[in-house]
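The lines below spell out each chain.
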Amino acid sequence: MVDMASGSQTLLSIEQVEQRVQEQTRAKRARDRRAELIYPILASAVLLAIWEFGTRALHVPVYLLPPPSSILAATVENWQLLLRESWITAIEILAGYAVSILVGIPLALAIFQSPVFSKSVYPLLISSQAMPKVAVAPLFVVWFGFGLMPKVLIAFLIAFFPIVINTVMGLESIEREKIYLAQSMGLSSFDTFRLIRLPNALPSIFAGLKISITLAVVGAVVGEFVGGDGGLGYQLMVANGSMNTPLLFAGILALTVLGVLAFWMVEVVERLSMPHQEKASGSAGSP
Amino acid sequence: MPETPVYLEVDNLSKVYASEDGPVRALDRVSLKQQRGEFVSIVGPSGCGKSTLLMIAAGLASSSEGRVLVESKVVNAARTDLGMVFQSHVLLEWRTALENVMLQAVARKMDLKVAERRARELLAAVGLSGFENKYPRSLSGGMKQRVSICRALIHDPPHLLMDEPFGALDSLTRDQLVLDLQRICSERSTAVLFITHSIAEAVFLSDRIVVMTPRPGKIDRIIDISLPRPRTLAMRESPEFARYSREILEVFLARGVLKE
């Protein structure tokens, strides 16, 4: 990249060199950023093209695998239906997620604060995770019927655990020196928690929150599968029953968009509450 | 300075850790006194219990036997009349340099306006003007340690406890920080209890040096350093400086810490 010839003819001043290096670096960054955007788009376009022409060329029946164009057509045709059902599912996800936070965080605080509570509840909580929570879904239908309630509860049941675990881990994993420091400053234990422990735990808490939001989506859909009268999960079952595969794919598409939006929402909150972090680094929660 | 009052007294301090293989003696009947404004260094090999001694002196760890007194009062909880500097900077990543220094002021409910002015002065005094609003991740190791020293000094404590504060820094940064520390501490006559591996650092900074033996940690001898102040880097080449260094070295040779 460095132009040797021009350098040898006229001696550049250091300011000129500075400027050149700055410009080159800036140009390279812009190129990289463009590449980060363009390459995945290109790759998706190629995949979609193969899919489209592959299904047409091989005469794959639409009920088995519809080409992307008919999925798109189904999406456009049914946009009102999809939007309405998405709304129902979104409410279930958000409600389940909210309950997860409202139960998970206080539970984590109690586990952290009280050794007795921790010793009695923590092992129970962890061993309860061996149970496949999806299997409980039919029971919830028996108990709570077909309304909003069982979906919210299933979403909560699946989603709350990572919040508890990550919050407890975040609060417990702190350098001893930070606590020594707080003691030498005469900080009360409440202020130590507020000023040091909690902010110290935030990255871990958000890692949990991000895993949870993706699980809340799964929970809501499972709830609708088992006993629903609305929502995207229910719509998937209906489309499946009528062999309307393009609509099935359109539902999956809507669900994906919903999941990405929900995840992105948590990431925005994360970035707002931790402005010191350069960029939300790759956490375990990425979908 | 025999007339100045004793600030810190460590009286017959022992610390024993229970372990699977039986008890481990970390400190064995250590006694020492530190006066107001005095700079005392503790040098010794790794594992001689010097950090343990500092932690007990700060009231952050308990002793197995013996006591610590500050101005003749027995210490039985974490002391707050001091500033602490650890080997790692222990800055809070979510606070800027200035906010990290100000944490001390917030904790002690000082007048925040006055404290902020002092914090800026202190940061400037260690060459960090312009970095007040930077987060720790964009500061170098030396800069972070400087911030942590400012944090330990903003409330003008009578006593500063430092546990190998420059251990993780390169030698040029160490030299600068040692000079800064000497200046700042003599300006406000802060007593410093300073733990180090470095003989040169100890001789350069101290009024007295406590030389410890390898485990179990006992005091081998206490050496008065009567080099004039302020000390300059050139003094490190002087024969007196070499004599003090040699004296400490002899202890380590005699104790088998070093072998020639």
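Being a predicted model, the structure only gives us computed values, none of them experimental.

**A few points about the overall build of chain A**
Right, so step 1: Looking only at helices and strands, chain A has eleven helices and zero strands in total.
Right, so step 2: Along chain A, from the amino end to the carboxyl end, the secondary structure elements read α-α-α-α-α-α-α-α-α-α-α.
Right, so step 3: For 287 residues, the compact-globule estimate of 2.2 N^0.38 gives 19 Å, and the C-alpha radius of gyration of chain A, at 26 Å, exceeds that figure by more than 25%.
Right, so step 4: For the C-alpha atoms alone, the extent of chain A along its principal axes is close to 80 × 70 × 30 Å.
Right, so step 5: Sequence-distant contacts in chain A: of pairs separated by 6 or more residues, those separated by 24 or more amount to 76%.

**Things to note about the overall build of chain B**
Right, so step 1: Scanning chain B from N- to C-terminus turns up seven helices and ten strands.
Right, so step 2: Against the 2.2 N^0.38 benchmark of 18 Å for 260 residues, chain B shows a C-alpha radius of gyration of 18 Å, consistent with a compact globule.
Right, so step 3: Taking all 260 residues of chain B together, the buried fraction comes to 39%.
Right, so step 4: By sequence separation, contacts in chain B at least 24 residues apart represent 70% of the contacts at least 6 residues apart.

**What to know about the nonpolar core**
Right, so step 1: Core analysis: the biggest nonpolar cluster contains 73 residues, and A57(B), V101(B), C150(B) and L161(B) have the highest contact counts within it.
Right, so step 2: Leaving out residues up to four positions away in the same chain, C150(B) has contacts with V101(B), A119(B), L122(B), L123(B) and V126(B).
Right, so step 3: Among the nonpolar cores identified, the runner-up in size contains 51 residues, and L82(A), F160(A), I165(A) and A201(A) belong to it.

**Focus: the interface of chain B and chain A**
By a widely used convention, the size of an interface equals the accessible area lost when the partners come together.
Right, so step 1: If you look at the interface, chain B gives 18 residues, while chain A gives 16 residues.
Right, so step 2: At the level of elements, β6 (82-85) and α2 (97-107) of chain B are the ones that each hand at least two residues to the side of chain B that touches chain A.
Right, so step 3: Per-element tally for the side of chain B that touches chain A: the top contributor is α2(B), with three residues.
Right, so step 4: Tallied by class, the residues present in the side of chain B that touches chain A amount to twelve nonpolar, three polar and three charged.

**Topic: the domain arrangement of chain A**
Right, so step 1: Looking at chain A, the domain boundaries give domain 1 (4-57) and domain 2 (68-273).
Right, so step 2: Computed from C-alpha coordinates alone, the two centres of domain 1 of chain A and domain 2 of chain A are separated by 38 Å.

**Description of helix α3 (residues 112-125) of chain B**
Residue and element names in this part refer to chain B.
Right, so step 1: Helix length check: α3, at 14 residues, gives a terminal C-alpha distance of 19 Å against a target of 20 Å (1.5 Å per residue), a fit within 8%.
Right, so step 2: For α3, the set of buried residues is R118, A119, L122 and L123. For α3, the angular spread of the buried residues around the axis is 135°, confining them to a single face. Opposite its buried face, α3 presents the exposed residues K113, V114, R117 and E121, each directed more than 90 degrees away.
Right, so step 3: Here the buried face of α3 lies against α2 and α4 (141-153).

**With respect to the pairing of strand β7 (residues 159-163) of chain B**
Residues and elements named next belong to chain B.
Right, so step 1: Among the five residues of β7, five are classified as buried, and the element is accordingly described as predominantly covered.
Right, so step 2: Along β7, one buried face is formed by H159, L161 and D163 and the opposite face, lined by L160 and M162, is buried too.
Right, so step 3: Summarising the sheet, β7 and strand β8 (residues 191-196) pair through five bridges and their orientation is parallel. The residue bridging D163 from the neighbouring strand is I195, located in β8.
Right, so step 4: Running through helix α5 (residues 171-187), the crossover from β7 to the neighbouring parallel element β8 is right-handed.

**Here we look at unusual backbone geometry**
Right, so step 1: For the bond from R229(B) to P230(B), the omega torsion is -5°, close enough to zero to count as cis.
Right, so step 2: With respect to the helices, strands and loops of the structure, P230(B) is situated in the loop between β10 (219-224) and α7 (239-254).

**What about the packing of helix α6 (residues 137-144) of chain A against helix α7 (residues 148-172) of chain A?**
All names here are of chain A.
Right, so step 1: Where α6 contacts α7, the axes come no closer than 9 Å and their chain directions differ by 145°. α6 and α7 meet at a crossing whose hand is right-handed. Of α7, the residues touching α6 (which contributes A137, F140, V141 and F144) are M149, P150, L153 and I154.
Right, so step 2: For the contact of α6 with α7, a count of residues per class yields eight nonpolar, no polar and no charged.

**Let's talk about the packing of helix α9 (residues 189-227) of chain A against helix α10 (residues 232-241) of chain A**
Two quantities define a packed helix pair, namely the angle between the axes and the distance from one axis to the other.
All names here are of chain A.
Right, so step 1: Orientation of α9 relative to α10, taken along the N-to-C sense of each, is 45°, at an axis distance of 7 Å. Our classification of the angle between α9 and α10 gives oblique. For the pair α9 and α10, the sense of crossing is right-handed. From α9, A220, V221, E224 and F225 reach across to α10, where they touch L232, G233, Y234 and M237.
Right, so step 2: Along the lines of polarity and charge, the residues of the contact of α9 with α10 split into six nonpolar, one polar and one charged.

**Here's the deal with the sheet that holds strand β5 (residues 73-74) of chain B**
Residue and element names in this part refer to chain B.
Right, so step 1: Strands sit in the order β2-β1-β4-β5 across an open sheet of four strands; the sheet is antiparallel. In this open sheet, the two edge strands, each paired with only one partner strand, are β2 (24-35) and β5.
Right, so step 2: In terms of strand pairing, strand β1 (residues 6-17) meets β2 through eight bridges, oriented antiparallel. By the bridge assignment for β2, L8 is matched with Q34.

**So, the sheet that holds strand β9 (residues 208-212) of chain B**
All names here are of chain B.
Right, so step 1: Across the sheet, six strands lie side by side as β6-β7-β8-β3-β9-β10; this open sheet has mixed pairing. Here the strands that pair on one side only, and so sit at the sheet edges, are β6 and β10. With direction set aside, neighbouring strand axes in the sheet form an average angle of 15°.
Right, so step 2: Pairing between strand β3 (residues 39-43) and β8: five bridges, direction parallel. Bridge pairing in β8 links V40 to L193.
Right, so step 3: Along the sheet face, helix α1 (residues 50-57) touches β3, β7, β8 and β9 and points at about 150° away from the line of β8.

**Points about α9(A)**
In an α-helix, one turn spans 3.6 residues; hence positions three or four apart end up facing the same way.
Right, so step 1: In a regular helix each residue adds 1.5 Å, so 39 residues correspond to 57 Å; α9(A) covers only 48 Å between its end C-alpha atoms and thus falls short of that length.
Right, so step 2: Of all bends in α9(A), the biggest is about 45°, found at L202(A), and the proline P203(A) comes one to four residues later.

Definitions and cut-offs
Residues numbered from 1 in each chain as written. Chains lettered and ligands numbered in written order. Predicted model: local features only at pLDDT ≥ 70, side-chain atom pairs only at ≥ 80, totals over all residues. Helix = DSSP H or I, 4+ residues; strand = E, 2+ residues; numbered from the N terminus. Rg over C-alpha atoms; globule rule 2.2 N^0.38 Å. Contact = placed C-beta atoms within 7 Å. Buried ≥ 20, exposed ≤ 12 C-beta atoms within 10 Å, placed from the backbone. Core = buried A, V, L, I, M, F, W, Y, C linked by C-beta atoms within 7 Å. Nonpolar A, V, L, I, M, F, W, Y, C, P; charged D, E, K, R; others polar. Domains from an automatic or database assignment. Expected span 1.5 Å × (residues − 1). Arc of directions from axis to C-beta. Pairing = 2+ DSSP bridges. Right-handed = clockwise from strand over helix to strand, strands pointing away. Axes fitted to C-alpha atoms, helices over the stretch in contact; angles between N-to-C directions. Left-handed = near helix turned anticlockwise from the far one by under 90°. Parallel < 35°, antiparallel > 145°, perpendicular 65-115°, else oblique. Bend = angle between axes of the 7 residues up to and from the residue.

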